[in-house]
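Single-letter residue listing:
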Amino acid sequence: MRLSSLADYAVVMMAAAARHCGACVRLNATLLAEETGLPLPTVQKLVSKLSAAGLIESARGTGGGFRLARPPAAITVADIVEAIEGPIALTTCVDSGKHDCVVEGTCRVKPHWNAVNGAVKGALAGITLSQLSAAPAPAGAQHPESADRVPALAGEQV
C-alpha cells in the first residue's frame, strides 16, 4: 500500500508551509518549489487542490500567495491525503455505487473493511502537520509519550 506521489508531495509541501506559519506571511508556489525541490507546476496543482479542500487560503494579485487555513496542529496527514486522494479506503467495495468485485455477493470480509479503513484513517489523523514540520528528535531520543514506559521483561505480564 502506497500513497500516490501527489499525496506524498502534498504532505511535503504542507510541512514546509507549516514551518513558515509562525511568521504569518503569505507564501508563494515558487518559494515552496525551491524549498522542497518539487516542480513548480506540481506545487501549483497542489495549491489548487489543497485550497479547494479548505486546507490553505489563497489570494491573487500583489501581496497575494497562500497560507495555511488552520494552525498546523489542527491539520492532520489524513486531512491532506483525503484532499488529494479522496476518502481513505483500502478497497473499492466500501464505496457506494462500486460493484466491480467478482466475490461481492459472497464476501464475508466486506462488512469489516470499514473498521480497517477507520484504523488507517485514525493512524493518519493522529499525526499533525506541526509534528511533521518540527525538527526531528536526535537519534536514540525517546518520544515524550514513551518516556514514562518501562519495558517489560521477557515473560512478564504487562
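Given the structure is predicted, the values throughout are model-derived calculations rather than measurements. (Residues numbered from 1 in each chain as written. Predicted model: local features only at pLDDT ≥ 70, side-chain atom pairs only at ≥ 80, totals over all residues. Heavy atoms only, no water.)

### A look at the nonpolar core
Formed by 31 residues in total, the largest nonpolar core has its most connected members in Met14, Leu50 and Ile80. Those elements that place two or more of their residues in this core are helix 1 (5–19), helix 2 (29–36), helix 3 (40–52), strand 2 (65–68) and helix 4 (77–85). Counting residues per element, this core draws most heavily on helix 1, at 9 residues. Discounting residues that sit within four places of it in the chain, leucine 50 has contacts with Ala10, Met13, Met14, Leu55, Ile56, Ile80, Ala83 and Ile84. (Core = buried A, V, L, I, M, F, W, Y, C linked by side-chain atoms within 4.5 Å. Buried < 20%, exposed > 50% of the residue type's maximum accessible area, 1.4 Å probe, protein only. Helix = DSSP H or I, 4+ residues; strand = E, 2+ residues; numbered from the N terminus. Contact = heavy atoms within 4.5 Å.)

### Examining a nonpolar patch on the surface
A contiguous nonpolar surface patch, about 310 Å² in accessible area, is contributed by Met1, Leu90 and Val116. Inspection of the secondary structure puts methionine 1 in the segment before helix 1. (Patch = residues over 30% accessible without salt bridge, like charges linked within 9 Å, V, L, I, M, F, W, Y side chains within 5 Å. Areas by Shrake-Rupley, 256 points an atom, 1.4 Å probe, with all protein chains shown as cover. Salt bridge = Lys/Arg side-chain N within 4 Å of Asp/Glu carboxyl O.)

### With respect to the pairing of strand 2
Pairing analysis gives 4 bridges linking strand 1 (residues 56–59) to strand 2, with the strands arranged antiparallel. Bridged to glutamate 57 within strand 2 is arginine 67. The hairpin formed by strand 1 and strand 2 contains 5 residues between the paired strands, and glycine 61 there has a positive phi angle of roughly 90°. (Pairing = 2+ DSSP bridges.)

### Regarding the packing of helix 4 against helix 5 (residues 110–125)
Between helix 4 and helix 5, whose axes approach to 6 Å, the crossing angle comes to 120°. Contacts between helix 4 and helix 5 involve Val77, Ala78 and Glu82 on the former and, on the latter, Lys121, Leu124 and Ala125. Its residues placed into classes, the contact of helix 4 with helix 5 shows 4 nonpolar, no polar and 2 charged. (Axes fitted to C-alpha atoms, helices over the stretch in contact; angles between N-to-C directions. Nonpolar A, V, L, I, M, F, W, Y, C, P; charged D, E, K, R; others polar.)

### A look at helix 2
Residues three or four positions apart in an α-helix share a direction because the helix packs 3.6 residues into each turn. Within helix 2, the full set of buried residues consists of Ala29, Leu32 and Ala33. All buried residues of helix 2 project into a common sector of 105° when viewed along the axis, lining one side. Buried positions along helix 2 lie against helix 1, helix 3 and strand 2. Capping of helix 2 at its N-terminal end is provided by asparagine 28; its side-chain oxygen lies 3.1 Å from the backbone amide nitrogen of threonine 30. Glycine 37 lies just past helix 2 and shows a positive phi near 80°. (Arc of directions from axis to C-beta. Polar contact = N/O pair within 3.5 Å; in protein donor to acceptor, adjacent residues only side chain to side chain.)

### Examining the side chain of serine 133
Structurally, serine 133 can be placed in helix 6 (residues 129–133). At a separation of 3.3 Å, a polar atom in the side chain of serine 133 contacts the main-chain carbonyl oxygen of serine 130.

### What about the pattern of salt bridges?
According to the stated counting rule, one finds 4 salt bridges in the structure shown. Put simply, arginine 19 and glutamate 35 hold a salt bridge, and the shortest N to O gap is 3.6 Å. A residue pair is termed long-range when its members are at least 10 positions apart, and arginine 19 in helix 1 and glutamate 35 in helix 2 qualify at 16 residues. Since its relative accessible area comes to 47%, arginine 19 is described here as partly exposed. Salt-bridge contacts for aspartate 79 lead to arginine 70; the nearest nitrogen and oxygen are separated by 3.1 Å. By relative accessible area, aspartate 79 is classed as partly exposed at 26%.

### Some details on the confidence of the model for the chain
On average, residues of the chain score 83 in pLDDT, and 83% of them reach the 70 mark or higher. No element of the chain has a lower mean pLDDT than strand 1, which averages 87, and none a higher one than helix 4, which averages 96. Considering only residues more than four positions removed or in separate chains, one finds that residues 154–158, a stretch of pLDDT under 50, has 1 contact. (pLDDT = per-residue confidence, 0-100.)

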